[in-house]
Amino acid sequence: MSELTEKIAPLPETVDVGSRSIGKPTARQWLLHLTLFVATAITTTISGIIWCGPEIDVAGGTPAQSGGLDGSILLIPWYYLRGIGGLVWQALTHPVLLLPGLKFSASLLAILTAHEFGHYFFCRYYGVDATLPFFLPQPPGLLPGTFGAFIKMKSPVPSRRALFDIGLAGPLAGFIVIIPIAFAGVLTLQHVSVPAGESGGLTFNDPLLFRLIAYALRIDMTSGVVNSFYLAAWVGLLVTALNLMPVGQLDGGHGTFSAFGRIAHYWIGRVAFVTMLALSVLGWLWHGSPSGFLYVVLLAVMLRVRHPQPEQMEPLGAMRVAIGIITLIVFALCFLPFPITIS
């Protein structure tokens, strides 16, 4: 995801690109971005152990007694920290338990890194001042262990073509990395027998890309157990589809603005919002999952952010039109109207 602002913040060091000046990251900025990356690697590894590894019994003893309901509520952070600490200790003392988390974290971070540096390198190419990627860690144990990543563009985009290239470079680069991880996830799926009348509580529904891979390789995905590669690719596809929504300053919003202009961008974004709102309601009614409403909230926020006008609105050209069509195909391969079923 990329964020565009119209204000230009002064930076201590700059390098010239044509007639433009681009800020060079300082040592302090490198340290900040690296620290966030390492923190995100830790939280995604822990989440990968929880979601993709074997069950680990981290309970031991009971906490001190506390009076009444209020005391129990106050102990929730203690339960959480003790559980995460016990899981980390088990994983460190039994490295085989650590492997699923490391595979999940490495795969997901590879996808996010490719996505954000796709934006970053095209910003540098076009002389747009931009930050290094900010990786956002999530409290360990929640899926997927990260709130994602973003860069911040701090100078205007010079042209329509630059906006198109910068906006779509991220999701396309991320998707290229997703493909081999998705193949690995489908090829290494294990299956369990589910007794008649029983069903799991949480089901990750398969995106079209997974279904096509399984069809091509003649693999039955019924009753498949989620593994590290599958889950990393699944999250990557979900994030890519969300970023390609033609709304606001999401990547798809940049592409829509550059392809169709300001007025079309305004109305297409609102049609997409209403569509996602309807799908969220259906997802709650049909699949028992409220997850779609999180996307609706994000899209509502993005609709309120005005999209700046590029300095020059020249024609995109045939090659970029073709890339736009390819991007629509990528969106179709990634998008899931109902990502999760809760039963």
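Residues numbered from 1 in each chain as written. Predicted model: local features only at pLDDT ≥ 70, side-chain atom pairs only at ≥ 80, totals over all residues. Heavy atoms only, no water.

S.K.: What should I look at first to understand the overall build of the protein chain in this one?
M.R.: Each helix and strand in the protein chain was counted, giving 11 helices and 9 strands. Residues counted as buried form 46% of the 343 residues belonging to the protein chain. Relative to all contacts within the protein chain whose residues are 6 or more apart in sequence, the contacts with residues 24 or more apart total 80%. (Helix = DSSP H or I, 4+ residues; strand = E, 2+ residues; numbered from the N terminus. Buried < 20%, exposed > 50% of the residue type's maximum accessible area, 1.4 Å probe, protein only. Contact = heavy atoms within 4.5 Å.)

S.K.: Hey, could you run me through the environment of Ala-214 in this one?
M.R.: Mapped onto the elements of the fold, Ala-214 is located in helix α6 (residues 208-217). Placed 28 residues apart in sequence, Ala-214 and Val-186 show a C-alpha to C-alpha distance of 6.6 Å. Other than its neighbours up to four places away in sequence, Ala-214 contacts Val-186, Ile-219 and Met-221.

S.K.: What am I meant to see in the packing of aromatic side chains here?
M.R.: Each pair of aromatic rings is reported with the distance of its centres and the angle of its planes. One pass over the structure, following the stated rule, counts 13 aromatic pairs. With centroids separated by 4.9 Å and ring planes inclined at 85 degrees, the aromatic side chains of Tyr-125 and Tyr-126 adopt a geometry described as edge-to-face. A relative accessible area of 60% means that Tyr-125 is categorised as exposed. We classify Tyr-126 as buried; its relative accessible area is 17%. A connected cluster of aromatic rings, assembled from ring pairs, spans Trp-51, Phe-204 and Trp-234. Its guanidinium or amino end placed over the ring of Tyr-266, Arg-270 lies 3.6 Å from that ring's centre, counting from NZ or CZ. (Phe/Tyr/Trp six-rings, centres within 6.5 Å; stacked < 30°, edge-to-face > 60°. Lys NZ or Arg CZ within 6 Å of the ring centre and 35° of its normal.)

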